[in-house]
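Commentary on secondary and tertiary structure
Residue-level listing of the chains:
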Amino acid sequence: MARSLLDLDDLSREEIDAILAASERFRDGGAARDLLAGVTVLTLFFEGSTRTVTSFTVAAQRVGADVISFAPGASSLGKGETIADTALTLYAIGARVIVVRHAESGFARRLADDFAGHVVNAGDGTHAHPTQALLDLMTLRHEFGRVDGLRVAIVGDILHSRVARSNIVGMRMLGVEVILVGPPTLLPAGFVAQGVRVERDLDAVLPNVDAVMMLRIQRERIASGLLPSLDDYTQRYQLNARRLAALRPDAVVMHPGPYNRDVELTDDVLRDPRSRYAAQVRNGTYVRMAVLDFLVNGAAVPAA
Ligand code: NCD
């Protein structure tokens, strides 16, 4: 069976290190052009995306793949074709890698079960978004020279965030201390059970972290009643000029995008020299080049 990347725990710690090292080589101009020559990569996005889909497309092109972008709105899944049928069809046409995003948690795994090539999960429901976590780890590693021993606060709508979930998995594997901060209704209880630290007071947390990762409130996934009043939310959890003053001068601010101005952050944050939003987006392309190369050329296939 071909190797897929559905979440970060599909990888060993050594494999994550190797992917991050390869990402840095690509960033520094390492040769990439022919790595996926003759390989067809298909992007299959059932949910909206700006950063992730363009970043995967650019990454696949830079490693020499042929890229097809398929708009599933017009697909035969809507005509009753099953995922298995679709997977068989896409493989027969020549796709060897599918990069997939879907609103249903677990969709990428279902596709990987049926597809003979590699599947890369570009976000499935509230479950996982492994390449986002890899680009965040790359950004931290560049900033601090290491990730082991860093302390990172993830702030906001953690319940609906596949970005937070994959980051928690990856950061814990690599020895980062994660602190979750957000309203109780938007914090899944499961993490507490796993020993992840939860704090309610953002002001108390900010002076003591190396990085703070702000999240968007995902209104499109939120059940009514879970959302506190927006006023209350911004008062407690918004990163703004006053709170930036509490953050260490050498700390960094991250956000996976898209951000909602004046909700989880203000323009002061985007202008602040500690903001790493653009670096995160830039690193996304290198990480995705490395993931494609790893899956197609480098990954050992685990024993079934
Ligand atoms: C996120 C996503 O789609 O999971 N964005 C991204 O990929 N950078 C986060 C979000 O939608 O808030």
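Let me sum up the structure you'll find in this document. (Residues numbered from 1 in each chain as written. Predicted model: local features only at pLDDT ≥ 70, side-chain atom pairs only at ≥ 80, totals over all residues. Heavy atoms only, no water.)

Attention shifts here to the site of the ligand. Lining the immediate environment of the ligand, one finds Thr-52, Arg-101, His-129, Gln-132, Arg-162, Val-163, Arg-216, Gln-218, Pro-256, Gly-257 and Pro-258. In the model, an oxygen atom of the ligand is placed 2.7 Å from a nitrogen or oxygen of the Arg-216 side chain. Summarising the interface, the protein chains cover 94% of the accessible area of the ligand, which totals 320 Å² for the free molecule. Tallied by class, the residues present in the shell around the ligand amount to three nonpolar, five polar and three charged. (Near = heavy atom within 4 Å. Polar contact = N/O pair within 3.5 Å; in protein donor to acceptor, adjacent residues only side chain to side chain. Areas by Shrake-Rupley, 256 points an atom, 1.4 Å probe, with all protein chains shown as cover. Nonpolar A, V, L, I, M, F, W, Y, C, P; charged D, E, K, R; others polar.)

Moving on, we get to the pairing of strand β3 (residues 95-102). Counting buried residues along β3, seven of its eight residues qualify, which places the element largely inside the surrounding structure. The sheet contact formed by strand β1 (residues 40-45) and β3 spans six bridges and is parallel. Considered in β3, the bridge of Val-41 is made with Val-97. Direction of pairing for β3 relative to strand β4 (residues 118-124): parallel, over a ladder of five bridges. By the bridge assignment for β4, Val-97 is matched with His-118. Crossover handedness for the path β3 to helix α4 (residues 107-114) to β4: right-handed. (Buried < 20%, exposed > 50% of the residue type's maximum accessible area, 1.4 Å probe, protein only. Helix = DSSP H or I, 4+ residues; strand = E, 2+ residues; numbered from the N terminus. Pairing = 2+ DSSP bridges. Right-handed = clockwise from strand over helix to strand, strands pointing away.)

Our focus in this paragraph is the environment of Asp-34. Within the secondary structure layout, Asp-34 lies in the loop between α1 (13-27) and β1. We classify Asp-34 as exposed; its relative accessible area is 55%. Taking the C-alpha atoms as reference, Asp-34 lies 35 Å from Ser-161; in sequence the two are 127 residues apart.

To continue, consider the pattern of salt bridges. Oppositely charged side chains can pair when the atoms bearing their charge come close. Across all of its chains, the model carries 18 salt bridges by this definition. Here Arg-243 and Asp-203 are joined by a salt bridge, their closest N and O atoms 2.9 Å apart. Of the two residues, Arg-243 sits in helix α10 (residues 241-244) while Asp-203 sits in helix α8 (residues 202-205), which places them 40 residues apart along the sequence. Between Arg-248 and Asp-250 there is a salt bridge, with its nearest N and O atoms 2.9 Å apart. In this structure Arg-248 comes out as partly exposed when scored by relative accessible area, which is 26%. For Asp-250, a relative accessible area of 44% gives the class partly exposed. Beyond isolated ion pairs, a larger network of salt bridges with shared partners links Arg-151, Glu-177, Arg-197 and Glu-199. (Salt bridge = Lys/Arg side-chain N within 4 Å of Asp/Glu carboxyl O.)

The next thing to look at is the packing of α1 against helix α5 (residues 130-144). Close contact between α1 and α5 brings their axes to 10 Å; oriented N to C, the two are set at 70°. Comparing the axis directions of α1 and α5 gives the class roughly perpendicular. Of α5, the residues touching α1 (which contributes Ile-16, Asp-17, Ile-19, Leu-20, Ala-21, Ser-23, Glu-24 and Arg-27) are Leu-134, Leu-137, Met-138, Arg-141 and His-142. (Axes fitted to C-alpha atoms, helices over the stretch in contact; angles between N-to-C directions. Parallel < 35°, antiparallel > 145°, perpendicular 65-115°, else oblique. Contact = heavy atoms within 4.5 Å.)

Attention shifts here to the sheet that holds strand β7 (residues 197-199). Taken in spatial order, the five strands line up as β7-β6-β5-β8-β9 in an open sheet, and their pairing is parallel. Two strands in the sheet have a free side with no partner beyond their single neighbour: β7 and β9 (252-254). Strand-to-strand, the axes of this sheet are offset by a mean angle of 25°, without reference to chain direction. For strand β5 (residues 151-155) and strand β8 (residues 211-214), the ladder comprises four bridges, and the chain directions are parallel. Residue Val-152 lies in a different strand from β8, and its bridge partner there is Ala-211.

So, on to the environment of Ser-105. Position of Ser-105 among the secondary structure elements: in the loop between β3 and α4. For Ser-105, a relative accessible area of 38% puts it in the partly exposed group. In this structure, Ser-105 is in contact with Asp-124, Gly-125, Thr-126 and His-127, ignoring residues within four places of it in sequence.

Pairing within the open sheet is parallel, and its four strands lie in the order β2-β1-β3-β4. In this open sheet, the two edge strands, each paired with only one partner strand, are β2 (66-70) and β4. Here the average twist between neighbouring strands, direction ignored, is 15°. Contacts from helix α3 (residues 83-93) reach β1 and β3, with the element oriented near 140° to β3.

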